[in-house]
Amino acid sequence: FGGKKAYQRRKHHSCSQILKYIRIMSRKKRSRNVEEVDEEEEEEVYRGPRNASGQYHGRGTLTFPKDNVRYEGRFLNGLQHGAGCLYFHNTDNEGGDGSTSSPDEGEVEGETATLKGQWAQGAMNGRGTYTHYDMTSVEGIYVEGVLEGEVTERDEDGFTTFIGNYTHGERNGKGTLY
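Residues numbered from 1 in each chain as written. Predicted model: local features only at pLDDT ≥ 70, side-chain atom pairs only at ≥ 80, totals over all residues. Heavy atoms only, no water.

Participant: How should I be thinking about unusual backbone geometry in this particular structure?
Facilitator: For residues that are not glycine, phi is negative in most cases, and the peptide bond is trans in most cases. For Asn68, which is not glycine, the phi dihedral falls at a positive 55°. Relative to the assigned elements, Asn68 resides in the loop between β2 (58–64) and β3 (69–76). For Asn68, a relative accessible area of 9% corresponds to the buried category. (Helix = DSSP H or I, 4+ residues; strand = E, 2+ residues; numbered from the N terminus. Buried < 20%, exposed > 50% of the residue type's maximum accessible area, 1.4 Å probe, protein only.)

Participant: Whenever I open this one, the pairing of strand β6 (residues 123–131) confuses me. Can you help?
Facilitator: A regular strand places its side chains on the two faces of the sheet in alternate fashion. In this structure, strand β5 (residues 111–120) lies alongside β6, joined through six bridges in antiparallel fashion. Looking at β6, one finds that Thr114 is bridged to Thr131. In textbook terms, the turn of a hairpin is the stretch between consecutive antiparallel strands, and for β5 and β6 this stretch comprises two residues, one of which, Gln121, has a positive phi near 50°. Relative to strand β7 (residues 137–143), β6 runs antiparallel, the two sharing six bridges. Bridging from a neighbouring strand, Arg127 pairs with Ile141 of β7. (Pairing = 2+ DSSP bridges.)

Participant: Would you explain the pattern of salt bridges in this entry?
Facilitator: It is possible for side chains of opposite charge to pair when their charged atoms get near one another. Under the criterion given, the structure shown has four salt bridges. Across the pair Glu139 and Arg154 runs a salt bridge, and its minimum N-O distance is 3.4 Å. One end of the pair, Glu139, is in strand β7; the other, Arg154, is in strand β8 (residues 146–154), and 15 residues separate them in sequence. According to the relative accessible area criterion, Glu139 is partly exposed, its value standing at 26%. Two residues, Arg171 and Glu153, come together in a salt bridge whose shortest N-O distance is 2.5 Å. With a gap of 18 residues between them, Arg171 in strand β10 (residues 170–177) and Glu153 in strand β8 connect regions that are remote in the sequence. (Salt bridge = Lys/Arg side-chain N within 4 Å of Asp/Glu carboxyl O.)

Participant: Can you help me understand the confidence of the model for the protein chain in this one?
Facilitator: It should be kept in mind that the predicted coordinates are not to be read in detail where pLDDT is low. For the protein chain, the average pLDDT comes to 76, and 65% of its residues sit at 70 or higher. Model confidence for the protein chain, summarised as mean pLDDT per element, is weakest for helix α1 (residues 6–31) at 48 and strongest for strand β9 (residues 160–167) at 95. Counting contacts from residues 1–14, a segment whose pLDDT is below 50, to residues more than four positions away or on other chains yields 28 contacts. Counting interchain partners and residues more than four positions distant, the pLDDT-below-50 stretch residues 29–40 has 13 contacts. (pLDDT = per-residue confidence, 0-100. Contact = heavy atoms within 4.5 Å.)

This is the structure we're talking about:
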């Protein structure tokens, strides 16, 4: 899968970085009581209902202002579970809106990449779509937060550029470049 489409794969490599962030985020949720506050951890802002134990529960928004990351969707006992979307806001001025100021509490600024789909126990599980800042996208089945099986990649105009297989979040096996 080299040639001119190698660029496409490199652009979506950030999807792997995003999925690593999701796994780290869910491990933090599992490893600490909601009432504990560790000053070393990044600040997070949650808006939405909680269960009797104080965990995020129901439809809510979890924002990490320092990382310019926001999750909007369903939670179950402190973890993302059900339909939801993770927003990654680009504030490094690479074609962004020129904003470099820090976001207000619970807010994020700049261009946005998204990961939208079904979540279970804090990770993407099921059909989902990752849309990069430049509007290229990858759609497929996520297993424990990683693309597995048949995927479709699209360019910024929505035209299919690749249909094939992914293993562990990377192209693998047979596929067709368009």
